[in-house]
Amino acid sequence: MFFDGATNFKGVGIWAVRISEFGQHYPATTKIIPFTNNMAEYEACILGIRMAVDMNIKELLVIGDSDLLIQQVQGEWSTKNVRILPYMHYIKELCKKFTKIEFKHIPRIQHEFADALVTLSSMIQHPDKNYIDPIEVEIRDQQIPFTFI
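Heads up: these notes are all about the structure in this document. Nothing here was measured: the structure is a model prediction, and the numbers come from that model.

## Description of the overall build of the protein
No. 1: Helix and strand counts for the protein come out as four helices and seven strands.
No. 2: Classification of the 149 residues of the protein by burial places 46% in the buried group.
No. 3: Considering only intrachain contacts with a sequence separation of at least 6, the fraction spanning at least 24 residues in the protein is 68%.
No. 4: Accessible surface, the protein as shown: approximately 8400 Å² in total, 54% of it carbon and sulfur.

Laid out in structure tokens, this is it:
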């Protein structure tokens, strides 16, 4: 599964595609409310992992160009950022639904196709609304706006 997020002056877009062992592509893209680029990367990763969960996939390789996200999810790097922690914890909960899940970082230069698609997604004006409505997630007795797709 490949994922990417993009933030620019027109908005925030996320993109994920699951590729089956038979080469079938299952893409998903959307525009979300304005967030930081790191939050967009987490949203995109969650989108792809949830797609795999919904398809009852048990083994998953997650590939993205966000070294920060990959290192944080693998426990190599930590974060105290209260806006990122809910994402990281949610991904770790999703990981429990797999018998095997692996995260791999690839340089942005090798991820140009995904980068182009997610940038396009962030710039498209959707006819009914421009973003996904956030939901509230309670974390340590605080309510933090957080979008799950």
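## A look at the packing of aromatic side chains
Note on aromatic pairs: each is described by the distance of the centres and the angle between the planes.
No. 1: Following the criterion strictly, the structure yields one aromatic pair and no others.
No. 2: When the centroid spacing of 5.8 Å and the interplanar angle of 35 degrees are considered together, the rings of tyrosine 42 and tyrosine 87 count as tilted. Of the two residues, tyrosine 42 is situated in helix H1 (residues 37–54) and tyrosine 87 in helix H3 (residues 85–95); the sequence distance between them amounts to 45 residues. This pair shows no difference in class: tyrosine 42 is buried, exactly as tyrosine 87 is.

## Some remarks on the nonpolar core
No. 1: The biggest cluster of nonpolar side chains holds 34 residues, and the ones touching the most others in it are Phe3, Tyr42, Cys45, Ile49, Val62, Ile91 and Phe103.
No. 2: No other element matches H1, which puts ten residues into this core.

## What to know about the side chain of threonine 79
No. 1: Along the polypeptide, threonine 79 turns up in the loop between helix H2 (67–73) and H3.
No. 2: In terms of polar contacts, threonine 79 uses its side chain to reach the backbone amide nitrogen of asparagine 81, at 3.1 Å.
No. 3: Those residues in contact with threonine 79, other than ones at most four positions away along the chain, are Gln72, Ile84, Leu85 and Met88.

## Let's talk about the side chain of glutamine 71
No. 1: Mapping glutamine 71 onto the fold places it in helix H2.
No. 2: Once you skip the residues sitting within four places of it in the chain, glutamine 71 turns out to touch Glu76 and Trp77.

## Structural notes on the pattern of salt bridges
Pairs may arise between side chains of opposite charge once their charged atoms sit close together.
No. 1: Under the criterion given, the structure shown has one salt bridge.
No. 2: The shortest N-O distance in the salt bridge between lysine 96 and glutamate 93 comes to 2.8 Å.
No. 3: We classify glutamate 93 as partly exposed; its relative accessible area is 44%.

## Let's talk about the packing of H1 against H3
No. 1: It is at 10 Å that the axes of H1 and H3 come closest, and there the two elements cross at 15 degrees. The orientation of H1 relative to H3 falls into the category roughly parallel. Note on packing geometry: the crossing formed by H1 with H3 is left-handed. Residues Met39, Tyr42, Glu43, Cys45, Ile46, Ile49, Arg50 and Val53 of H1 form the contact with H3, whose own contacting residues are Tyr87, Met88, Tyr90, Ile91 and Leu94.

## Some details on the environment of glutamate 43
No. 1: Of note, glutamate 43 is situated in helix H1.
No. 2: Of the residues examined, glutamate 43 reaches a relative accessible area of 0% and is grouped as buried.
No. 3: Sequence separation between glutamate 43 and alanine 16 is 27 residues; the distance between their C-alpha atoms is 9.6 Å.

## Examining the environment of tyrosine 90
No. 1: Topologically, tyrosine 90 is positioned in helix H3.
No. 2: With 17 residues separating them in the primary sequence, tyrosine 90 and valine 73 have C-alpha atoms 10.0 Å apart.

Rules of the game
Residues numbered from 1 in each chain as written. Predicted model: local features only at pLDDT ≥ 70, side-chain atom pairs only at ≥ 80, totals over all residues. Heavy atoms only, no water. Helix = DSSP H or I, 4+ residues; strand = E, 2+ residues; numbered from the N terminus. Buried < 20%, exposed > 50% of the residue type's maximum accessible area, 1.4 Å probe, protein only. Contact = heavy atoms within 4.5 Å. Areas by Shrake-Rupley, 256 points an atom, 1.4 Å probe, with all protein chains shown as cover. Phe/Tyr/Trp six-rings, centres within 6.5 Å; stacked < 30°, edge-to-face > 60°. Core = buried A, V, L, I, M, F, W, Y, C linked by side-chain atoms within 4.5 Å. Polar contact = N/O pair within 3.5 Å; in protein donor to acceptor, adjacent residues only side chain to side chain. Salt bridge = Lys/Arg side-chain N within 4 Å of Asp/Glu carboxyl O. Axes fitted to C-alpha atoms, helices over the stretch in contact; angles between N-to-C directions. Parallel < 35°, antiparallel > 145°, perpendicular 65-115°, else oblique. Left-handed = near helix turned anticlockwise from the far one by under 90°.

Read these as spatial facts, not as claims about activity.
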